[in-house]
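Observations on the model geometry
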Amino acid sequence: VTNCVYVFQAPSPSTGPASSPKEVKAGVLPAGQHTHDRYDWLKVPNLRDANGVRKGEPGYDASTLYVPPAVMKKASPAMTQWWEFKAKNFNTVLFFKVGKFYELYHMDADIGVQECDLVYMKGDNAHSGFPEIAYSDKSKMLVEKGCGHTIGTAAQIMVNAKFAEYARGLDR
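Bear in mind that the values here come from a model prediction, so they are computed numbers and not experimental data.

The rules behind these values
Residues numbered from 1 in each chain as written. Predicted model: local features only at pLDDT ≥ 70, side-chain atom pairs only at ≥ 80, totals over all residues. Heavy atoms only, no water. Core = buried A, V, L, I, M, F, W, Y, C linked by side-chain atoms within 4.5 Å. Buried < 20%, exposed > 50% of the residue type's maximum accessible area, 1.4 Å probe, protein only. Helix = DSSP H or I, 4+ residues; strand = E, 2+ residues; numbered from the N terminus. Contact = heavy atoms within 4.5 Å. Salt bridge = Lys/Arg side-chain N within 4 Å of Asp/Glu carboxyl O. Axes fitted to C-alpha atoms, helices over the stretch in contact; angles between N-to-C directions. Parallel < 35°, antiparallel > 145°, perpendicular 65-115°, else oblique. Nonpolar A, V, L, I, M, F, W, Y, C, P; charged D, E, K, R; others polar. Expected span 1.5 Å × (residues − 1). Lys, Arg positive; Asp, Glu negative; His and termini not counted.

**Focus: the nonpolar core**
In terms of nonpolar packing, the biggest core is built from 18 residues, with Trp41, Leu42, Leu65, Val67, Trp82 and Trp83 touching the most fellow members. Of all the secondary structure elements, the ones that give two or more residues to this core are α2 (77-88) and β1 (92-98). Among the elements that make up this core, the one with the highest residue count is α2 (5 residues). Those residues in contact with Trp41, other than ones at most four positions away along the chain, are Asn46, Leu47, Arg48, Leu65, Tyr66, Val67, Pro68, Val71 and Trp83. In this structure, Leu104, Val113, Tyr120 and Ala134 belong to the second largest nonpolar core, which totals 16 residues.

This is the structure:
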């Protein structure tokens, strides 16, 4: 069995990034330094399931995740969809289809970088992806690692009224 332990916590300065060394381009953050790595609610002992039960407590459901309302309120419509999916399917790696690409965000991007030889894209949020033509190869790579991954796919959708509300917020 392959070592499939994923740590969503920033490494200490003395240990450096959790991932293997890769060439990092300007503006691309290494593993352990993205927005989700700073969320206390994603770290044990604060990690909770959708019902608010802490990890390690009786009744904890590892397949769900509590996402604070403040995170959802600040999220773009696409990220709202992503967090809603993760809240119900925390143990599933989501391949989120945007146009002709599959995108992986936050913790899923970390897994994609570690297991599928993807690279992070620029920005504070962990983000990686691949063209739709590579779906079969990337999903096969992830499943064959023997880490018990479930893969979910979803397509980005946005209702016009919701997009208009979001776009108005960008003008402020």
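**Considerations on the environment of Lys140**
Within the secondary structure, Lys140 is located in helix α4 (residues 135-144). Along the backbone, Lys140 and Cys116 are 24 residues apart, and their C-alpha atoms lie at a distance of 9.2 Å.

**Considerations on helix α3 (residues 106-116)**
Burial of α3 is extensive: 10 of the 11 residues sit out of reach of the surface. The inward-facing, buried residues of α3 abut α2, β1, β2 (101-105), β3 (127-131) and α4. Immediately downstream of α3, the backbone of Asp117 shows phi near 60°, a positive value.

**Describing the pattern of salt bridges**
Side chains that carry opposite charge are capable of pairing whenever their charged atoms lie near each other. Taken as a whole, this structure holds 5 salt bridges when the rule is applied. A salt bridge links Asp40 to Lys43; the nearest nitrogen and oxygen atoms lie 3.9 Å apart. As a salt-bridge pair, Glu115 and Lys145 come within 4.0 Å of each other at their nearest N and O atoms. Here Glu115 is found in helix α3, whereas its partner Lys145 is found in the loop between α4 and β4 (150-155), with 30 residues between them in sequence. Residue class for Lys145 comes out partly exposed when judged on its relative accessible area of 28%. What you see here is one network of salt bridges that share partners, running through Lys97, Lys100 and Glu132.

**Re the packing of α2 against α3**
Taken N-terminus to C-terminus, the directions of α2 and α3 make an angle of 80°; their axes are 10 Å apart at the nearest point. Regarding the angle of α2 to α3, the classification is roughly perpendicular. Between α2 and α3, the residues in contact are Met79, Trp82, Trp83 and Lys86 and His106, Met107 and Asp108, respectively. Among the residues forming the contact of α2 with α3, the class breakdown is 4 nonpolar, 1 polar and 2 charged.

**Overview of α2**
In a regular helix each residue adds 1.5 Å, so 12 residues correspond to 16 Å; α2 covers 17 Å between its end C-alpha atoms and thus fits that length. Within α2, 9 of the 12 residues are buried, which leaves the element mostly enclosed by the surrounding structure.

**A few points about the side chain of Lys138**
By the element assignment, Lys138 lies in helix α4. Here Lys138 sits buried without a salt bridge, and the closest side chain of opposite charge, Asp117, lies 5.7 Å off (N-O distance). With residues near it in sequence (within four places) discarded, Lys138 still touches Phe95, Cys116, Leu118 and Phe130.

**Quick look at the environment of Met121**
With respect to the secondary-structure elements, Met121 resides in the loop between α3 and β3. Under the relative-accessibility criterion, Met121 is labelled partly exposed at 32%. Spatially, the C-alpha atoms of Met121 and Gly27 are 8.3 Å apart, while their sequence positions differ by 94 residues. Once residues lying within four places of it in the same chain are set aside, the contact partners of Met121 are Val28, Glu103, His127, Ser128 and Gly129.

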